[in-house]
Amino acid sequence: MLPAKGRALGVMPHGVRRGSPDPASRVSRKRGKGSKDTESAVRVGTFIVNNETRTVAFPEHHSLLEVLREELGLTGTKHGCELGECGACTVEVEGRAVLSCLLLAAEAEGKAIRTVEGLAVGRQLHPLQLAFAELGAAQCGYCTPGILMAAKVLLDHNPSPSADEIRTHLGGNLCRCTGYERIVEAVAVAAARLQGTSRELDPAWLQGDQRNAPAR
Amino acid sequence: MTSERSQWIGLPFQRVDAHAKVTGRTSFADDLRFPRMAYLKLVRSTVPHGRIRSIDLSRAEQVPGVLGFLTGKDLPTPFGILPVSQDEHALANEVVRHVGEAVVAVAATSEDAAETAALAVRIEYEPLPTISSIDEALATPEPQIHRYADRGNLHKVLALDFGDVDGAFSRAAHVFEDAFFYEGNTHLPIEQHATVAVPEDGDRLTVYSSTQTPHYLHRALAKVLGLPAPRIRVIACPNGGGFGGKSDPFGHEIVCAAMSRKLGRPVKITLTREEVFWCHRGRHPVWMTLRTAMDENGKLLAQELSTALDGGAFGSYGVASTYYTGALQTVTYHLPAYRFRSIRAFTNKPPCGPKRGHGTPQPRFGWEVHLDKIAVALGKNPADLRLQNLERDGAVTANWWQLGTIELGQAIETVVEASAYRQRWGRLPEGRGLGLACGSYLCGAGLPIYWNQMPQSAVVLHVDRGGGVGVFSGATEIGQGSDTVLAAIVAETLGLELADLTLCVADTALTPVDLGSYSSRVTLMMGQAARRAALDVRQKIAAAVAQQLEVAPDDVEFAHRRVFSKGEPEKGLSWEDAVVVAEARLGTLAGVGSYTPPRAPGRYRGSGVGPSPTYSYTAAVIEVEVDPETGIWRPLEVWIAHDIGRALNPVLALGQIEGSVYMGLGEAMMEESAFRRLPRSRSNALVHKFPSLLEYKSPTFHEMPKIHSYLIEREDPEGPFGAKEVGQGPLLPIPPACANAIYDAVGVRVDQVPIHPHLVLRALEAKKKGRPARVGPSFLPPIDYGFVLEIPPPWGGGDGRARNEDAFREASGRKGRAGTMLEREQALSHRSVDALTTGLAGKRGE
């Protein structure tokens with residue numbers, strides 16, 4: 001079985017790894033290590049994902065991220081690093097936002113898990129999804145599932161967060177496309193709608209700023 | 001004809017893929033799975049430069065689940081994105097040139113088994129001397145990292161003179177000189193590159209990949225695999241962010257395809273985050289010197305720009321990047337004479353390439369900070385100095401670019417007024433400052449990567465008799481909204497709902513070629529092709545409906561799913577009926593549209609990099625706060641105005657502006673691809689300091705300031721519905737605006753990027769001690785640039801050619817005009833097929 005630490009890093013048997021000060025020392029550590037022990041133990045586990053109970057067999061050292069994507073076919077959950085750095089793999093486990101790449105799948109057995117696939121009800125989008133779509137808060141859409149799940153957990157606990165609270169709660173999720181502010185606004189809009197209040201949308205989000213611009 | 005009553009164009013409608021993206025349904029490459037799919041892992045070099053002495057697979061072969069290996073011997077054909085730089089191998093062939101270069105590939109039944117086997121592969125190297133910087137490359141001509149370099153370890157050396165530069169300097173009232181350094185950085189798309197190759201019947205192959213350029217990947221696969229192009233089908237999956245980082249054909253894509261053919265089963269590879277850092281192709285580190293001549297009134301007379309690029313271990317787009325560091329200096333402010341010198345060094349680091357702005361943010365940083373210093377020195381407001389020197393609409397520049405519409409003046413006025421720059425610049429309390437900077441970018445590269453006379457983009461429409469329209473386009477969705485622009489243009493032209501359209505994109509077997517999502521070319525080029533294809537269909541249906549309704553064809557209007565008489569709107573047919581009428585009269589309905597950029601006026605060697613159908617312009621003002629105790633600074637507010645021609649969808653356009661501001665701030669504040677050399681006792685390797693998302697610092701939710709975005713709209717005749725680009729241009733003014741704002745706040749200059757707090761602090765300490773309040777590089781050392789091409793500018797009696805082209809050919813040993821634009825242009829009239837396009841084999845590859 002692979003050492004858990006070795007997972008998800010570049011495969012450089014004699015080489016450089018993040019945090020490794022010295023490729024040469026890595027050589028000695030890796031050399032002489034037998035390659036017989038590759039068949040990892042398989043475990044059978046039951047997961048309650050998006051209110052569906054599923055029992056699957058999976059390599060016991062695999063993360064929840066891997067089991068969601070590989071064994072359960074829920075590829076809506078993404079990966080950007082598999083080291084807990086980008087937030088793309090965020091899912092909800094027992095009401096908490098969890099980095100599924102850092103959680104052993106075995107630890108999530110029997111727990112209530114929600115992924116992006118479980119956010120909409122039938123064809124009815126969750127208000128967060130709708131606000132993201134309307135405001136263009138998803139561009140390439142790769143970080144979007146993780147951010148949606150983190151935001152969903154936030155709104156479950158804090159139904160009307162301030163912009164700063166939204167930034168703090170989503171601070172562990174990286175997005176390279178949007179510049180973040182449209183996401184903050186989308187979460188605020190969704191929060192207001194979930195509260196049954198309407199939030200006046202600054203038309204600058206849809207048309208660009210007009211204030212203080214010289215007349216043309 | 002539809003602009004006054006548009007259904008889609010100019011409106012903030014939801015992108016066509018919005019629902020898929022918020023529900024997790026979008027299928028990125030790694031989301032694909034096929035029966036019997038095997039998994040691929042690459043064993044990567046641990047030395048920065050070395051000869052491969054031996055590869056021992058014996059232990060790896062014993063790993064249960066292993067299916068097969070490939071090494072460099074299996075894929076000996078070199079490839080590369082540019083025909084002149086065919087210097088890469090899918091797996092290293094004899095020599096490795098940077099840490100992280102792939103050497104061995106292993107496939108297994110599971111990713112775990114493939115990784116275990118990869119860890120068991122033993123490779124021995126004979127180390128070669130390594131080069132880590134531009135300085136070292138200049139000082140170390142031997143051993144050469146590549147033998148095809150122009151000179152020693154200088155991949156490219158070039159020198160261009162446009163007009164009488166020396167004369168301008170000799171009569172200048174003022175001469176200013178500055179040196180700058182722009183550190184390299186990387187794209188950091190959140191999606192790691194992934195490829196799935198699937199063998200198909202008839203010795204065919206389908207390759208799904210996270211690529212921005214399926215067409216170029218198609219060519220590279222055909223070349224390296226030795227397979228006829230018709231047997232290879234490349235499908236670009238939606239990219240989870242690109243920014244230029246997925247626009248080269250990559251070794252892992254080719255290896256994956258080769259392995260799937262070897263095993264006869266589907267194979268997938270997904271890079272780890274660390275591997276994405278090794279693939280790189282990010283922003284080139286650029287060291288540059290600018291010298292500018294001005295008259296007594298502050299009018300520009302001439303500029304001399306010298307740039308030195310650290311290219312990394314391979315060519316990639318580097319020759320283009322090198323030209324780009326000088327190409328766009330002339331398009332914002334009128335330069336009567338211009339001198340450009342450049343070198344690109346090979347170093348033993350991952351290859352640099354195109355990142356958002358491709359080669360232009362670095363000199364733009366220099367130019368805009370340089371101008372700020374000049375304004376201060378002349379006692380002028382920086383906005384006025386720029387306005388005074390603006391290039392004019394439709395001008396041809398000293399280096400022969402044909403410009404289109406220019407609304408830079410309006411953009412400057414907009415951000416200056418919105419930020420109260422004139423009232424506040426130079427007058428804010430210590431620690432607060434405002435900085436202004438501008439920029440300009442291409443709306444698509446005027447020439448393709450390989451010379452040819454064919455369209456850069458095409459769209460085919462098929463109209464089903466039920467009323468649905470199939471839209472076929474080679475353009476690749478990388479998050480920028482290319483699918484949405486495609487759909488909106490077709491729907492607008494035919495008066496349809498977006499739901500009437502089914503898009504089929506980026507599939508080399510089914511869609512006509514679009515060269516790819518790079519150089520901000522998609523909205524303009526694919527947009528024009530889509531518009532023309534839709535007009536083709538529209539014209540056919542209009543003719544048939546006109547006959548049916550007994551009205552004139554030009555009286556037929558298309559809107560809200562009806563085809564009707566403009567004069568008598570009640571007289572008309574539903575879209576479905578119109579389609580049936582047209583198909584009954586004309587047969588199966590299809591439309592074709594394609595776009596080739598206009599012929600650019602430049603005819604000199606190097607004039608292929610920089611022409612564009614038109615250019616976008618941007619101005620930005622940034623307000624910063626600087627803590628003089630720590631040097632820590634942060635942007636508080638950004639005002640940015642972008643001359644977009646027409647915003648086809650303002651929400652998408654604003655998203656591009658905001659994303660560009662974010663990425664520009666990241667580069668200004670923190671992002672850097674920095675390397676360190678390990679001690680000689682510990683392999684001497686050049687290792688990436690930060691090959692992880694944690695340590696490669698990029699802005700988070702917390703770093704973003706308030707952004708005020710202004711869309712400056714005046715339709716450009718070259719763009720579809722008047723549209724210009726917005727994906728890259730808005731990044732350009734951001735880093736220099738930050739530097740200028742820091743100067744306004746605390747009176748020090750940091751002439752390099754990123755502007756780390758410790759550099760601000762060092763400059764503040766120097767200022768305190770009465771030394772020059774500046775941190776930055778020295779001037780470039782004297783460099784032999786070799787032969788200087790002399791190109792008279794349009795006002796200097798030139799015709800776009802170099803005066804001494806023939807002497808240059810003789811001096812450089814190049815014979816004839818093979819491979820030149822002129823040759824391609826003459827090929828059609830001479831009925832010669834060979835010269836019409838660059839073949840798959842490179843001209844100068846190893």
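Read on for an overview of the structure. Everything numeric in this text was worked out from a predicted model, so none of it was measured. (Residues numbered from 1 in each chain as written. Chains lettered and ligands numbered in written order. Predicted model: local features only at pLDDT ≥ 70, side-chain atom pairs only at ≥ 80, totals over all residues. Heavy atoms only, no water.)

Attention now goes to the interface of chain A and chain B. Between chain A and chain B, the contact holds 86 residues from the first and 93 residues from the second. Buried surface at the junction of chain A and chain B, summed over both partners, amounts to about 7,500 Å²; 56% is from carbon and sulfur atoms. For the interface between chain A and chain B, the tally reads 6 salt bridges. In this structure, the connection of chain A to chain B is made through 29 residue pairs in polar contact (both at pLDDT 80 or more). A breakdown of the residues in the side of chain A that touches chain B according to their chemical character gives 34 nonpolar, 29 polar and 23 charged. (Contact = heavy atoms within 4.5 Å. Buried area = accessible area lost by both parts, 1.4 Å probe. Salt bridge = Lys/Arg side-chain N within 4 Å of Asp/Glu carboxyl O. Polar contact = N/O pair within 3.5 Å; in protein donor to acceptor, adjacent residues only side chain to side chain. Nonpolar A, V, L, I, M, F, W, Y, C, P; charged D, E, K, R; others polar.)

Glancing now at the packing of aromatic side chains. Counted according to the given criterion, the structure contains 18 aromatic pairs over all chains. On the numbers, 4.4 Å between centres and 45° between planes, the contact of tyrosine 180 of chain A with phenylalanine 701 of chain B is tilted. Of the two residues, tyrosine 180 of chain A sits in the loop between helix 5 (163-169) and helix 6 (181-194) while phenylalanine 701 of chain B sits in the loop between strand 27 (686-688) and strand 28 (706-712), which places them in two different chains. Judged by relative accessible area, which is 0%, tyrosine 180 of chain A ranks as buried. Ring plane angle 45° and centroid distance 5.9 Å describe the contact between tyrosine 216 of chain B and tyrosine 518 of chain B, whose orientation is recorded as tilted. Pair noted here: tyrosine 216 of chain B is in helix 6 (residues 214-225) and tyrosine 518 of chain B is in the loop between strand 19 (501-505) and helix 15 (522-549), with a separation of 302 residues, a long-range link. The pair formed by tyrosine 216 of chain B and tyrosine 518 of chain B is uniform in burial state, with each residue classed as buried. An aromatic cluster is present here, built from Phe162, Tyr338, Phe340 and Tyr604 of chain B joined pairwise through their rings. (Phe/Tyr/Trp six-rings, centres within 6.5 Å; stacked < 30°, edge-to-face > 60°. Helix = DSSP H or I, 4+ residues; strand = E, 2+ residues; numbered from the N terminus. Buried < 20%, exposed > 50% of the residue type's maximum accessible area, 1.4 Å probe, protein only.)

Take the environment of lysine 566 of chain B next. All names here are of chain B. Turning to its location among the elements, lysine 566 is positioned in the loop between strand 21 (562-565) and strand 22 (572-574). On the basis of relative accessibility, which here comes to 47%, the residue lysine 566 falls in the partly exposed class. The residues touching lysine 566, leaving out its near neighbours within four places in the chain, are Asp554, Asp555, Val556 and Glu557. One polar contact links the side chain of lysine 566 to the main-chain carbonyl oxygen of aspartate 554, over a distance of 3.4 Å.

What follows deals with the nonpolar core. It is characteristic of soluble globular proteins that their nonpolar side chains tend to be buried jointly. If you look at the biggest cluster of nonpolar residues, it comprises 165 residues, and the most contacted ones within it are Phe132 of chain A together with Trp633 of chain B. With 9 residues, the top contributor of residues to this core is helix 17 (residues 650-669) of chain B. Residues in contact with tryptophan 633 of chain B, not counting those within four places in the same chain, are Val624, Glu625, Val626, Ala668, Met669, Cys738, Ile742, Ile755 and Val760 of chain B. (Core = buried A, V, L, I, M, F, W, Y, C linked by side-chain atoms within 4.5 Å.)

Residue and element names in this part refer to chain B. The final tally for this structure, using the stated rule, is 10 cavities of 30 Å³ or more. What the largest cavity holds in volume is close to 210 Å³. Forming the boundary of the largest cavity are 18 residues, of which Arg44, Glu88, Ala102, Gly251 and Arg281 lie nearest the centre. Secondary-structure elements contributing two or more residues to the lining of the largest cavity are strand 1 (38-44), helix 7 (251-263) and helix 8 (273-279). For the lining of the largest cavity, the residue count by class is 9 nonpolar, 5 polar and 4 charged. (1 Å grid on protein atoms, 1.4 Å probe; cavity = no way out; pocket = protein on both sides within 12 Å on 5 of 7 lines; lining within 4 Å. Points joined across faces, edges and corners; volume = space filled by probe spheres on them.)

Backbone hydrogen bonds hold the strands of a sheet together, and the pairing may be parallel or antiparallel. Residue and element names in this part refer to chain B. Strands sit in the order 20-21-22 across an open sheet of 3 strands; the sheet is antiparallel. The open sheet terminates on both sides in strands that have one partner only, identified here as strand 20 (556-559) and strand 22. Averaged over all pairs of adjacent strands, the angle between strand axes in this sheet comes to 15°, irrespective of strand direction. Of the strand pairs in this sheet, strand 20 and strand 21 are connected by 4 bridges, and their pairing is antiparallel. (Pairing = 2+ DSSP bridges. Axes fitted to C-alpha atoms, helices over the stretch in contact; angles between N-to-C directions.)

Our focus in this paragraph is the environment of proline 161 of chain A. Residue and element names in this part refer to chain A. With respect to the helices and strands, proline 161 occurs in the loop between helix 4 (144-157) and helix 5. Residue classification places proline 161 among the buried positions, given a relative accessible area of 11%. In this structure the C-alpha to C-alpha distance between proline 161 and valine 187, which are 26 residues apart in sequence, comes to 8.9 Å. Not counting chain neighbours up to four residues away, the residues in contact with proline 161 comprise Leu154, Leu155, Ile166 and Ala191.

As a further point, take unusual backbone geometry. Backbone torsion omega between glutamate 142 of chain B and proline 143 of chain B reads -5°, so that peptide bond is classified as cis. Looking along the chain, the bond that leaves valine 753 of chain B and enters proline 754 of chain B is cis, with omega of 0°. Notably, asparagine 51 of chain A is not glycine yet its phi reads approximately 65°, a positive angle. As for its placement among the helices and strands, asparagine 51 of chain A is situated in the loop between strand 1 (42-49) and strand 2 (52-59). Notably, phenylalanine 243 of chain B is not glycine yet its phi reads approximately 60°, a positive angle.

On to the sheet that holds strand 11 (residues 232-236) of chain B, then. Residue and element names in this part refer to chain B. Taken in spatial order, the 7 strands make up an open sheet running 3-5-1-12-9-10-11, and their pairing is mixed. Every interior strand has two partners, whereas the edge strands, strand 3 (66-71) and strand 11, have only one. On average, adjacent strands in this sheet sit at an angle of 20° to one another, irrespective of strand direction. Taken together, the 4 bridges between strand 9 (residues 194-200) and strand 12 (residues 267-270) define a ladder with antiparallel strand orientation. Bridge pairing in strand 12 links alanine 197 to valine 267. Across the sheet, helix 3 (residues 111-119) is in contact with strand 1, strand 3 and strand 5 (102-108); its angle to strand 1 comes to roughly 25°.

The next thing to look at is the side chain of threonine 130 of chain B. All names here are of chain B. Mapping threonine 130 onto the fold places it in the loop between strand 6 (122-127) and helix 4 (134-139). Residue threonine 130 is classed as buried on the basis of its relative accessible area, which comes to 14%. A distance of 2.6 Å separates a polar atom in the side chain of threonine 130 from a polar atom in the side chain of arginine 677.

Bringing the pattern of salt bridges into the picture now. All names here are of chain B. For the structure shown, the criterion picks out 62 salt bridges over all chains. A salt bridge links arginine 809 to glutamate 805; the nearest nitrogen and oxygen atoms lie 2.6 Å apart. Of this pair, arginine 809 and glutamate 805 both sit in helix 20 (residues 805-812), 4 residues apart, which is roughly one turn of that helix. Here arginine 809 matches glutamate 805 in class, with each residue buried.

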